[in-house]
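Okay, here's what each chain looks like letter by letter:
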Amino acid sequence: MRELDERSWADALGMYARRYSIAKVTSREHHDWALDVNTLMHGDTPDNRGWRTEDCLVGELERLDDPYYPFALRPDDPATTGAWRSHLAEIPRASAMRFLVALSTLWLNVENEEDFEERRAGLEDKADVILSRFPDGSHFFANTGRHSENLDYYKRISGCDPISFHVWDLGLILVSETEVGMVWSFHAW
């Protein structure tokens, strides 16, 4: 794995540039990390280290009316964070690595990625760079259903609990003691 720095981070987030995706990190400011996710959902949230973010909607008209677009459900106050958190399930670090790779694929499905085996090592290296920003003891949450911790994210993901205006969105929340990140990809059918 490459060392985490601004350059390796930018290269790692580049795997989401060809997807309808949002990937960014902010400082952990609240005991309830869900409130920090709400900050990340705002369209103009910069990376707390000043590093690259990936946001496919920068400059899009939808954001003029709603700076949180495309997110329909948000943990915007302490009273709503529990209901919002019910859309997520904690997954182990190894699953988070595979999910980060799956979130970069064109159809959010590794099995449909024609050249996956040729690209696998490079994608996994980029996912490891992203995870290295979240040290041991960090927590990872996916919106892929109640049994998310047992899913093989290199197989077709058959369900999700959307939090956007779209019928299908998949995402990962990454939580450490000091930072909160999200990588979220959408199908806008």
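Higher on the page you've got the structure.
As the structure is a prediction and not an experimental result, all values here were calculated from the model. (Residues numbered from 1 in each chain as written. Predicted model: local features only at pLDDT ≥ 70, side-chain atom pairs only at ≥ 80, totals over all residues. Heavy atoms only, no water.)

Trainee: Which residues make up the state of the cysteines, and what values go with them?
Mentor: All told, the structure shown has zero disulfides when counted by the stated rule. Free of any disulfide, Cys 160 has its nearest neighbouring cysteine sulfur in Cys 56, separated by 16 Å. (Disulfide = S-S within 2.5 Å.)

Trainee: Give me the lowdown on the nonpolar core, citing residues and values where you can.
Mentor: Where a protein is soluble and globular, its nonpolar side chains tend to be buried together. Counting 36 residues, the largest nonpolar core has Tyr 16, Phe 99, Ile 130 and Leu 172 as the members making the most contacts within it. Sorting the residues of this core by element identifies α1 (6–13), β1 (21–27), α5 (93–103), α6 (116–132), β4 (139–142) and β5 (168–175) as the ones contributing at least two each. The leading source of residues in this core is α5, at seven residues. Dropping the residues within four chain positions of it, Ile 130 is found in contact with Trp 9, Ala 12, Leu 13, Met 15, Tyr 16, Leu 100 and Leu 174. Judged by nonpolar contacts, the second largest core, of 21 residues, contains Tyr 20, Tyr 68, Phe 141 and Val 180. (Core = buried A, V, L, I, M, F, W, Y, C linked by side-chain atoms within 4.5 Å. Buried < 20%, exposed > 50% of the residue type's maximum accessible area, 1.4 Å probe, protein only. Helix = DSSP H or I, 4+ residues; strand = E, 2+ residues; numbered from the N terminus. Contact = heavy atoms within 4.5 Å.)

Trainee: For the pairing of β4, give the residues involved together with the corresponding values.
Mentor: Side-chain direction in a regular strand flips from residue to residue, so the side chains alternate between the two faces of the sheet. Of the strand pairs in this sheet, strand β3 (residues 89–91) and β4 are connected by three bridges, and their pairing is antiparallel. Counted as the bridge partner of Ala 89 is Ala 142 from β4. Note: β4 against β5, four bridges, orientation antiparallel. Looking at β5, one finds that Ala 142 is bridged to Leu 172. (Pairing = 2+ DSSP bridges.)

Trainee: Before we move on, could you go through the side chain of Lys 24 and cite the residues and values that matter?
Mentor: By the element assignment, Lys 24 lies in strand β1. Looking at Lys 24, its side chain comes within polar contact range of the main-chain oxygen of His 42, at 3.0 Å. Each residue touching Lys 24, except ones within four places of it in the same chain, is listed here: Leu 40, His 42, Gly 43, Thr 45, Thr 53, Asp 55, Val 180, Gly 181 and Met 182. (Polar contact = N/O pair within 3.5 Å; in protein donor to acceptor, adjacent residues only side chain to side chain.)

Trainee: Which residues make up the pattern of salt bridges, and what are the values?
Mentor: With the rule as written, the count across this model stands at 17 salt bridges. Across the pair Lys 126 and Asp 11 runs a salt bridge whose closest N-O atoms are separated by 4.0 Å. Residue Lys 126 is found in helix α6, and its partner Asp 11 is found in helix α1; the two are separated by 115 residues along the sequence. Arg 49 is paired through a salt bridge with Glu 179; the nearest N and O atoms lie 3.1 Å apart. (Salt bridge = Lys/Arg side-chain N within 4 Å of Asp/Glu carboxyl O.)

Trainee: A description of unusual backbone geometry should follow, citing residues and the corresponding values.
Mentor: Put simply, Tyr 69 and Pro 70 share a cis peptide bond, and its omega is 15 degrees. The backbone phi angle of Leu 108 is positive, close to 55 degrees, even though this residue is not glycine.

Trainee: Pulling in residues and values, what's your account of the sheet that holds β4?
Mentor: Across the sheet, which stays open at both edges, the six strands sit in the order β2-β1-β6-β5-β4-β3 with antiparallel pairing between neighbours. What marks the edges here is a single partner per strand, and that holds for β2 (54–55) and β3. Two strands pair when backbone bridges link them, and β1 and β2 are joined in this way by two bridges, in the antiparallel orientation. Opposite Ala 23, over in β2, you have Glu 54 as the bridge partner. Most of the contacts of α5 go to β5, to which it runs at about 135 degrees, and overall it touches β1, β3, β4, β5 and β6 (179–187). (Axes fitted to C-alpha atoms, helices over the stretch in contact; angles between N-to-C directions.)

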